Amino acid sequence: MKKPLLTVNDIVQITGITARTLHYYDRIHLFKPTHLTEKGYRLYDRSSLEKLQTILFLKELDFSLKEIADILKLTKQEQKQILKKQGQTLLSKKQRLENIMAALEEYVSGNDISHLEIFNSTSALPLREQYANEARFIYGETEAYQVYNETLEACSPEEKEERFSAMEEIFKQMAACIHQDPSSDEVQQLIEEWKTILMQFMPCDAELLACIANTYKFDTRFASYFNQYSTEDLADFLYRAIMYHVNRLSDAETDK
């Protein structure tokens, strides 16, 4: 014979939730028992079990208990509209989590954080944009930065990517020369090529080049970025190679 009413223990065994959770749902008027015995024991009819399963389903869909209480007051059609919208929200979260997991695997594998596409939510900007904003705060009042910014804005996305890729290629070639003296012809030729790319964006005098060299060496994020190209300290090697070039420029100016 079927039991007409279910006890708290029956509900616990059927759904897997705890008695404490049932008591809490009762206290906040989310899911109340159908009957109370003379001794105060909670009893539930079978139709109320469907309501509880709906509550648990909505909770799995990331709704708060307050939102669930409001949803339960709506018609079935209204509920479906809300669930469709929530489905899109969950899909976006799923895609974001997949991106985060992919970035995590890349980072654990040794890729530098500056290469990871992780800051693409409304809470944070992509790293390249963060660095650009930081540069704007630090150098924004200088003529060189203003020229750089105007030139960069005039470039198409393809042109920007081409120049950034060319710069990366130089860093890779510098890594291959890391056991040479920074003053060697091959290394200094690469510095000239690097400077040529920079000059497509802004005028590069000795003072600005020295500033960039110091940033490469002493800003840990830049150092980490460069050192992904080599098992040795490429950031320091770049610093020494650029400073050799800067000193030559200064000496040339003095001789004039």
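Just so it is clear, the model here is predicted, and its values are computed rather than measured. (Residues numbered from 1 in each chain as written. Predicted model: local features only at pLDDT ≥ 70, side-chain atom pairs only at ≥ 80, totals over all residues. Heavy atoms only, no water.)

A. The arrangement of the packing of helix H10 (residues 206–218) against helix H11 (residues 220–227) in detail. Put simply, H10 and H11 touch, their axes get as near as 5 Å, and they point 80° apart. As the angle between them shows, H10 and H11 are arranged roughly perpendicular. Touching Thr215, Tyr216, Lys217 and Phe218 of H10 are Thr220, Phe222, Ala223 and Phe226, all from H11. Here the residues of the contact of H10 with H11 sort into five nonpolar, two polar and one charged. (Axes fitted to C-alpha atoms, helices over the stretch in contact; angles between N-to-C directions. Helix = DSSP H or I, 4+ residues; strand = E, 2+ residues; numbered from the N terminus. Parallel < 35°, antiparallel > 145°, perpendicular 65-115°, else oblique. Contact = heavy atoms within 4.5 Å. Nonpolar A, V, L, I, M, F, W, Y, C, P; charged D, E, K, R; others polar.)

B. The arrangement of the sheet that holds strand S1 (residues 6–7) in detail. Spatially, the three strands line up as an open sheet ordered S1-S3-S2, and their pairing is antiparallel. Of all the strands in the sheet, just S1 and strand S2 (35–36) have a single pairing partner and so form its edges. Bridging between S1 and strand S3 (residues 42–44) involves two bridges; their strand directions are antiparallel. If you follow Thr7 over to S3, its bridge partner there is Leu43. (Pairing = 2+ DSSP bridges.)

C. Summary view of helix H8 (residues 157–176). The first and last C-alpha atoms of H8 sit 29 Å apart over 20 residues, in line with the 28 Å expected at 1.5 Å per residue. What H8 keeps buried is the set Met167, Ile170, Phe171, Met174 and Ala175. In an axial view of H8, the angular spread of the buried residues amounts to 150°, which keeps them on one side of the axis. Summarising the geometry of H8, the exposed residues directed more than 90 degrees from the buried face are Glu158, Glu162 and Ala176. (Expected span 1.5 Å × (residues − 1). Buried < 20%, exposed > 50% of the residue type's maximum accessible area, 1.4 Å probe, protein only. Arc of directions from axis to C-beta.)

D. Quick peek at the nonpolar core. Ranked by size, the top nonpolar core spans 34 residues in total, and within it Phe171, Met174, Trp194, Tyr216, Phe226, Leu234 and Ile242 carry the most contacts. Residue assignment for this core shows that the elements contributing at least two residues are H8, helix H9 (185–199), H10, H11 and helix H12 (234–255). When residues of this core are assigned to their parent elements, the largest contribution, nine residues, is made by H12. Apart from residues lying up to four places away in sequence, Phe171 is in contact with Trp194, Tyr216, Tyr225, Phe226, Tyr229, Leu234 and Leu238. Core analysis: the second largest hydrophobic core is formed by 18 residues, Tyr25, Ile55, Leu61 and Ile68 among them. (Core = buried A, V, L, I, M, F, W, Y, C linked by side-chain atoms within 4.5 Å.)

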